[in-house]
Amino acid sequence: MINKVKSFLKKYNLLSPEKTFVVGFSGGYDSMCMLDILYKISQKTGFKLIALHLNHNWRGREAEIEQENCERYCKENNIELYCETLPEGLPKTETVAREKRQEFFKKCYKKFNADGIFLAHTKSDNTETILYRLSKGTGVKGLCGILETSKLDDCDVFRPLMNFSRKDIVKYCTVNKLVPNNDSSNFDTKYARNFIRHQIISELKTINPKIDDVILNLSHIAVSEQNIIKEYLSKIKKDIVKDGYFITQKFVELSKDVQNKFILDFLIEQNLDYDSKKVEEIYDFINKNAKYKSGKTLSLTKNLWLFVSKEKICTIQDLEPEKITEEIKINGCGEYKFHNKIFKIEKYKENKMPSFPKETELKAYIHLDNPNNLTLRTRVHGDIIQPFGMPGTMKLKKLFINKGIEKFVRDDIMLLCKDNEVLWASGVCLSEKLRATTLPTHVLTIEKQV
């Protein structure tokens, strides 16, 4: 086992004396076996190990005895140990326990400036995980199981025991005279994973004693399939994504299966609960609202919405952003700071007609007799504008609707106004009253503040 773990470390370039690793250490069979193997390798390689023990504070004195056993082992082997105990009163569920462990590991990774986290998952754990996911409903991604290396936010996670069974672990501990903890809660079948371990897998082994190997091989196949799909979708994505959002009309032209795969990946990336019903709901919402100019929103969580319009598909984290009430008076040429942008009004100094920018650009060449007594602000009730090329005025709200400007961005658009008349809705429309029929007199530009 030591040689196989050493090969694992070599595979991921981890055999270096400059590296520091934190090791999840409950003191149970799996984690004690892993820490013991890593310790023996570190004696020759020189990398630093810090064992991490989290007391969930569920089992009173039993948990304290387990921590004492961890302390005893680490002291005997001169391994640094860091322990924490969770506060009382937390819900006693598998989900809460997992979340608290992950928080603990991430904090320690940063605290010790670690190069990796080692976790003692085995191929037996992989079998339990896949059967658990199958019982809840899973796609191909769920069949990938537990990967031997992954990311926990920005933390690199390594699992060097993934090719070993629980039988291998027990044998190692016995031969090396280790005394692991034996958590009594691991036998409580009210927990789903324990039920799978003690009831389901034991029955499956009567059919095939090598069920762990079979399912591990299934995981490898699923990973390979996922890699193929990922490569295929990355090529499609180049054509249907622009500036971080999906181009609606190109997205809905894809087959339903490909659309649903993109939706599923999105839900996973956002760490949202997903099942076939949720994927179908989002698919229907996108295709139903793909022709709306100003768009529609679908609530995904309390603070996250999916936005779909004729132009784009994206997420919104603040459906009703705080209204910008700031107003800046414009009196002559110069630079003016407005919110997080810089507005510039300058005299046009060329002696030839410029190439006029599109309305959607944050630049405009204009004719303006007097650059004074103007105001920079966002929209207010009653605003009007005479759109470029039109003979009369209209309400700004109607212009935004006609232009398909999303509701959630309308209050963020910078307006150059004279009283309640808009002369320039930046990036949207220029007023006919600023049309330069001969050489422009001024240039308007907006830049993001650095």
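Please read these numbers as outputs of a predicted model, since none were measured by experiment.

Reading the values: rules and limits
- Residues numbered from 1 in each chain as written.
- Predicted model: local features only at pLDDT ≥ 70, side-chain atom pairs only at ≥ 80, totals over all residues.
- Heavy atoms only, no water.
- Helix = DSSP H or I, 4+ residues; strand = E, 2+ residues; numbered from the N terminus.
- Rg over C-alpha atoms; globule rule 2.2 N^0.38 Å.
- Buried < 20%, exposed > 50% of the residue type's maximum accessible area, 1.4 Å probe, protein only.
- Contact = heavy atoms within 4.5 Å.
- Areas by Shrake-Rupley, 256 points an atom, 1.4 Å probe, with all protein chains shown as cover.
- Lys, Arg positive; Asp, Glu negative; His and termini not counted.
- Charge placed at Lys NZ, Arg CZ, Asp CG, Glu CD.
- Pairing = 2+ DSSP bridges.
- Axes fitted to C-alpha atoms, helices over the stretch in contact; angles between N-to-C directions.
- Parallel < 35°, antiparallel > 145°, perpendicular 65-115°, else oblique.
- Arc of directions from axis to C-beta.

Asks: I'd like to hear about the overall build of the protein, residue by residue, with values.
Replies: Within the protein, the regular secondary structure consists of 13 helices and 22 strands. Over its C-alpha atoms the protein spans a radius of gyration of 31 Å, topping by over 25% the 22 Å that the globule rule assigns to 450 residues. Counting only C-alpha atoms, the protein reaches 95 × 45 × 45 Å along its principal axes. Counting across all 450 residues of the protein, residues that qualify as buried make up 45%. Considering only contacts in the protein between residues 6 or more positions apart, those separated by 24 or more positions represent 67%. Total accessible area on the protein is roughly 25600 Å²; 49% of this is exposed by carbon and sulfur atoms. Side-chain charges of the protein comprise 74 positive and 61 negative groups, with the mean position of each set lying 2 Å from the other.

Asks: I'd like a description of the sheet that holds strand 13 (residues 334-338), backed by residues and values.
Replies: The four strands are arranged 13-14-22-15 in an open sheet whose pairing can be described as antiparallel. Every interior strand has two partners, whereas the edge strands, strand 13 and strand 15 (363-366), have only one. With strand direction ignored, the average angle separating the axes of adjacent strands in the sheet is 15°. Relative to strand 14 (residues 341-347), strand 13 runs antiparallel, the two sharing five bridges. Paired with phenylalanine 338 across the strands is lysine 341, a residue of strand 14.

Asks: Describe the side chain of serine 31, naming the residues involved and giving the relevant values.
Replies: Its place among the elements puts serine 31 in helix 2 (residues 29-45). Not counting the four nearest positions on each side in its chain, serine 31 is found in contact with Gly24, Phe25, Ser26 and Ala120.

Asks: So what's going on with the packing of helix 8 (residues 211-240) against helix 10 (residues 256-269)? Residues and values would help.
Replies: Packing of helix 8 against helix 10 leaves a shortest axis separation of 11 Å and a crossing angle of 100°. It follows from the interaxial angle that helix 8 and helix 10 lie roughly perpendicular. Between helix 8 and helix 10, the residues in contact are Gln226, Ile229, Tyr232, Leu233, Ile236, Lys237 and Ile240 and Val258, Lys261, Phe262 and Asp265, respectively.

Asks: So what's going on with helix 12 (residues 396-403)? Residues and values would help.
Replies: Within the span of helix 12, buried status applies to Leu396, Leu399 and Phe400. Seen end-on, helix 12 carries its buried residues on one side only, within an arc spanning 100°. The secondary structure elements touched by the buried residues of helix 12 are strand 17 (384-385), strand 18 (394-395), helix 13 (407-410), strand 19 (415-418), strand 20 (421-425) and strand 21 (429-430). Positive phi shows up at glycine 404, right after helix 12, with a value of about 75°.

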